Amino acid sequence: MLWAGWLRGAAALALLLAARVVAAFEPITVGLAIGAASAITGYLSYNDIYCRFAECCREERPLNASALKLDLEEKLFGQHLATEVILKALTGFRNNKNPKKPLTLSLHGWAGTGKNFVSQIVAENLHPKGLKSNFVHLFVSTLHFPHEQKIKLYQDQLQKWIRGNVSACANSVFIFDEMDKLHPGIIDAIKPFLDYYEQVDGVSYRKAIFIFLSNAGGDLITKTALDFWRAGRKREDIQLKDLEPVLSVGVFNNKHSGLWHSGLIDKNLIDYFIPFLPLEYRHVKMCVRAEMRARGSAIDEDIVTRVAEEMTFFPKDEKIYSDKGCKTVQSRLDFH
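Residues numbered from 1 in each chain as written. Predicted model: local features only at pLDDT ≥ 70, side-chain atom pairs only at ≥ 80, totals over all residues. Heavy atoms only, no water.

- The name an unreviewed UniProt entry gives the protein is Torsin, with Macaca nemestrina as the organism.
- Its UniProt record gives the protein the following Catalytic activity (unreviewed entry) comment, quoted word for word: "ATP + H2O = ADP + phosphate + H(+)". (UniProt positions renumbered as here; feature names shortened; annotations may be inferred.)

### Some words on the pattern of salt bridges
Line of reasoning, step 1. Throughout the structure, instances matching the rule amount to 16 salt bridges.
Line of reasoning, step 2. The closest approach of N and O atoms between Asp156 and Lys152, which form a salt bridge, is 2.9 Å. Residue Asp156 and its partner Lys152 are located together in helix H8 (residues 151-168), separated by four residues, close to a single helical turn.
Line of reasoning, step 3. Residue class for Asp156 comes out partly exposed when judged on its relative accessible area of 30%.
Line of reasoning, step 4. The class of Lys152 is exposed, set by a relative accessible area of 53%. (Salt bridge = Lys/Arg side-chain N within 4 Å of Asp/Glu carboxyl O. Helix = DSSP H or I, 4+ residues; strand = E, 2+ residues; numbered from the N terminus. Buried < 20%, exposed > 50% of the residue type's maximum accessible area, 1.4 Å probe, protein only.)

### Brief notes about the packing of aromatic side chains
Line of reasoning, step 1. Evaluation of the coordinates by the stated rule reveals eight aromatic pairs.
Line of reasoning, step 2. Pairing Phe176 with Phe212 gives two aromatic rings, centres 5.5 Å apart and planes at 65 degrees, and the pair type is edge-to-face. Linking Phe176 in strand E3 (residues 173-177) with Phe212 in strand E4 (residues 209-214), this pair joins segments that are 36 residues apart in sequence.
Line of reasoning, step 3. Using a relative accessible area of 0% as the deciding quantity, one classes Phe212 as buried.
Line of reasoning, step 4. A centroid spacing of 5.8 Å and a plane angle of 55 degrees characterise the contact between Phe314 and Tyr321, whose relative ring orientation is tilted.
Line of reasoning, step 5. Classification of Phe314 as partly exposed rests on a relative accessible area of 22%.
Line of reasoning, step 6. For Tyr321, a relative accessible area of 1% gives the class buried. (Phe/Tyr/Trp six-rings, centres within 6.5 Å; stacked < 30°, edge-to-face > 60°.)

### Notes on the nonpolar core
Line of reasoning, step 1. Ile86, Leu90, Ile162, Phe176, Ile187, Ile190 and Phe212 are the most contacted members of the largest nonpolar core, which totals 67 residues.
Line of reasoning, step 2. The leading source of residues in this core is helix H5 (residues 80-95), at eight residues. (Core = buried A, V, L, I, M, F, W, Y, C linked by side-chain atoms within 4.5 Å.)

### Digging into the environment of Ala89
Line of reasoning, step 1. Position of Ala89 among the secondary structure elements: in helix H5.
Line of reasoning, step 2. Sequence spacing of Ala89 and Tyr272 is 183 residues, and the spatial spacing of their C-alpha atoms is 8.3 Å.
Line of reasoning, step 3. In this view, Ala89 contacts Leu103, Leu105 and Tyr272; residues no more than four positions away in its chain are not counted. (Contact = heavy atoms within 4.5 Å.)

Printed below as a string of structure tokens:
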């Protein structure tokens, strides 16, 4: 009985591997091979077998909220607001079987505070391959939209790209990095996809997720954090309501935010403006320890201290916050 089962599995695998070789040339062959594999195994569906050997968009795949919470708490330092809001927003959105619109998050703060890192964590928790997934799409403003005179072309390309990918996978994730370097007007091309429409030209975007990453608003966030510090209050006392209204208005009126006078803000299509606070000396040390663990190295507190002390801090008098966050921790650790 075991031998027969092994033969069925081996035969199915051989057929599938053969199908993958010719997939680029003859799609019908793939279907025939998988159908044959299903007949041989006697119990696996077309999708069951195909998805064992290729990445599939599984709309029914639940979000493991506990795993996401653990990732954020263990890997993201000094960002209690981001941890709380992202966990609640993603969990609530994915638990909703019939969302009225896509989830749209705008992450703001200085470089090195964890925005890109969080987008990576989110991607990995939504699709197993993370940023390498066929269903996670990263746009970098200076790479994909560099020329101001080509705004109309970029708008058309962006609409086609998003429409095509959401048609292929309703749970697609779109990450826009360096929003503060995006030419004004480009991002408004995706406004219809973020709105409260059941469908746009026959495609539903309501299960997609859009994430914007921006340095814009970093000065406003730092001012609030500094005000709390000077008043003797803990950074953990800062609440979303202390920053979100200031952020949305500040970004809307900032010509270098990528969202200057954007309809996305004007029509309240961005669900959360999430502030990333400037990192203190103790957070930099946490980053160093995390990097050492990731490299499989024993934690050497002398090295941790030396790397942290090599960073520069601001304001000039108080020297509270790292001016590069944890961005240069990896390269500095290479010298020790």
